[in-house]
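The lines below spell out each chain.
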Amino acid sequence: MIYRPSDRDRHESHYVRLAREIRNDIEEGRLLPGQRMPTVKDMCAKCGLSAGTVRQAYGLLQTQGLIELTPGRGTYVSVHRENAKSRKSMAIEAIDNLFQSLSEMGFSQAESRMFVSLRLAQMDQDQYVSPVALIAKCPESLRSAFYRLSELPFIDLISFSMDEIRQTGAIALSEFPLVVCEASLIHEITALLSDKADAVTPFALAPAPSAIMHLARLPEGAKAGVYAQSDAFFKLVKKTVKALSLPISLVLLPCGSLSKHALQELTHLIVPGDVPAFALEEERQLISEFTKQVNTAVVFDLSVDEGSMIAISRRVSALAERH
């Protein structure tokens, strides 16, 4: 089991995604009935997640009857369980039918996601969870902000690229009680939501301290390739290098066009922190081979600043209290 969250499940909690990956392995025969599961410690090392997250995932799988905890012996894949694969297929079919119906009514995919999220929040009987629209200008920024903001309680983040918002206009955001967006987009978003501009809260993204430290260690004259999904991410790396006055050169390596030939001319590689979330398998392999044979990749993570986290947390708490 390899934990690789994809774009389509960004809205899920880490433990839910991990549980789904394990469930898929059970359903598709990679984990067999009666097989012993990794310990919490081993799973943490394998997936890079906290012990609490792994325990939550195991707990969820146990309530679903997929694994069994035997005190003193460990955790095992259940021998007797329902045909989860057929249940999964029926669930997917029902979801597909729902989205097909909404599409036939003229709703876009972004609007359909919004309505589903709002309805789920309304159905929650135990705890109010505020649906929050999250907007950033490039995929790397969107994922970084999502991972950081998802740590906040009472929040259900729905991610939108700025291109999606420009296509759908204010209708994609009009029902959200809170909209958080990258600071550079604040004027455009508030203009779209002129009648409820007070629902918009900006956040600031900056290179993580570890990213700056690793960049600063690059040797003079280094020729580094920047593996990215967007020009915006490349420009941010370039801006950071310029601000640090680093004597290195940068080359953009767009995701989807990486080749062995392109890597041969480089001394170093700079990558986002979540390459497994978006990179193609063959490109992950090329990056892995480069880092083993030439130089360890510089991980350029982005982080939401603490002031933004506090401001958004207060807004979410206020919504929960009003509810």
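This write-up is about the structure you can find in this document. What you are looking at is a predicted structure, and each value in this text was computed from that prediction instead of being measured. All residue numbers here refer to positions counted from 1 along the written sequence of the relevant chain. Owing to the predicted nature of the model, reporting of local features is limited to residues with pLDDT of at least 70; listing and counting of side-chain atom pairs is limited to 80 or more, with chain, interface and lining totals taken over all residues. To obtain the side-chain values, all non-hydrogen atoms of the structure were used and water was disregarded.

## Examining the sheet that holds strand E3 (residues 130-136)
Part 1 of the reasoning: Across the sheet, which stays open at both edges, the four strands sit in the order E4-E3-E5-E6 with parallel pairing between neighbours. Each having just a single partner strand, strand E4 (155-161) and strand E6 (200-203) make up the two edges of the open sheet. The average undirected angle you get between the axes of adjacent strands in this sheet is 25°.
Part 2 of the reasoning: When DSSP finds two or more bridges between a pair of strands, those strands are recorded as paired. Here a strand is any run of E in DSSP of at least two residues, a helix any run of H or I of at least four, and the numbering for each starts at the N terminus. Where E3 lies against E4, seven bridges are found, and the strand directions are parallel. Bridge assignment links Val132 to a residue of E4, and that residue is Leu157.
Part 3 of the reasoning: The contact criterion used throughout is that any non-hydrogen atoms of two residues lie within 4.5 Å. Between N-to-C directions, angles cover 0 to 180 degrees, with each direction set by a line fitted to C-alpha atoms, over the stretch in contact for helices. Sitting on the sheet, helix H13 (residues 306-322) touches E3, E4, strand E5 (178-182) and E6, and the angle it makes with E6 is about 155°.

## What about the packing of helix H2 (residues 40-47) against helix H3 (residues 51-63)?
The packing of two helices is summarised by the inter-axis angle and the distance between the axes.
Part 1 of the reasoning: At a closest axis distance of 9 Å, the pairing of H2 and H3 adopts a crossing angle of 110°. On the basis of their axis angle, the class for H2 and H3 is roughly perpendicular. In this structure, H2 meets H3 at a crossing whose hand is right-handed. Across the interface between the two elements, Val40, Met43 and Cys44 from H2 touch Ala51, Val54, Arg55 and Tyr58 from H3. The labels follow the angle: roughly parallel below 35 degrees, roughly antiparallel above 145, roughly perpendicular from 65 to 115, and oblique for the rest. By the definition used in this description, the sense in which the near helix is turned from the far one sets the handedness, with an anticlockwise turn below a right angle giving left-handed and a clockwise turn giving right-handed.

## Details of the packing of aromatic side chains
Part 1 of the reasoning: In this analysis, rings of Phe, Tyr and Trp, with Trp reduced to its six-membered ring, are considered paired at centre separations within 6.5 Å, and the interplanar angle assigns stacked below 30 degrees, edge-to-face beyond 60, and tilted for intermediate values. The final tally for this structure, using the stated rule, is four aromatic pairs.
Part 2 of the reasoning: Centroid distance Tyr227 to Phe278: 5.8 Å. Interplanar angle 15°. Geometry classified as stacked. Here the residue Tyr227 occupies a position in strand E8 (residues 223-228), and Phe278 occupies one in the loop between strand E10 (268-271) and helix H12 (281-293), the gap between them amounting to 51 residues. Like Tyr227, the residue Phe278 is buried in the burial classification. Burial classes: relative accessible area under 20% of the type maximum marks a residue as buried, over 50% as exposed, and values in between as partly exposed (1.4 Å probe, protein chains only).

## Brief notes about the pattern of salt bridges
Part 1 of the reasoning: Salt bridges are defined as contacts in which a side-chain nitrogen from Lys or Arg sits within 4 Å of a carboxyl oxygen from Asp or Glu. Going through the model one piece at a time under the given rule, you end up with nine salt bridges.
Part 2 of the reasoning: Among the salt bridges present, the one from Arg148 reaches Glu151, with a minimum N-O distance of 2.7 Å.
Part 3 of the reasoning: When the shortest N-O distance is used, the salt bridge between Asp163 and Arg166 registers 3.5 Å. Of this pair, Asp163 and Arg166 both sit in helix H7 (residues 162-168), separated by three residues, roughly a single helical turn.
Part 4 of the reasoning: You can call Asp163 partly exposed: its relative accessible area is 47%.
Part 5 of the reasoning: Accessibility expressed as a relative area gives 47% for Arg166, which makes it partly exposed.
Part 6 of the reasoning: A network of salt bridges, in which partner residues are shared, links Arg148, Glu151 and Glu306.

## Focus on the nonpolar core
Note that soluble globular proteins tend to have their nonpolar side chains buried in a common cluster.
Part 1 of the reasoning: In this text, buried Ala, Val, Leu, Ile, Met, Phe, Trp, Tyr and Cys residues form a nonpolar core when linked through side-chain atoms within 4.5 Å. If you look at the biggest cluster of nonpolar residues, it comprises 20 residues, and the most contacted ones within it are Leu134, Leu149, Leu157, Val180, Phe203 and Ile312.
Part 2 of the reasoning: Elements represented by at least two residues in this core include exactly E3, helix H6 (139-149), E4, E5 and H13.
Part 3 of the reasoning: Here the element with the most residues in this core is H6; it accounts for five residues.
Part 4 of the reasoning: Residues in contact with Leu134, not counting those within four places in the same chain, are Leu142, Ala145, Phe146, Leu149, Leu157, Ile158, Ser159, Phe160, Val180 and Phe203.
Part 5 of the reasoning: By size, the runner-up hydrophobic cluster in this structure holds 19 residues, among which are Ala172, Val179, Cys181 and Ile189.

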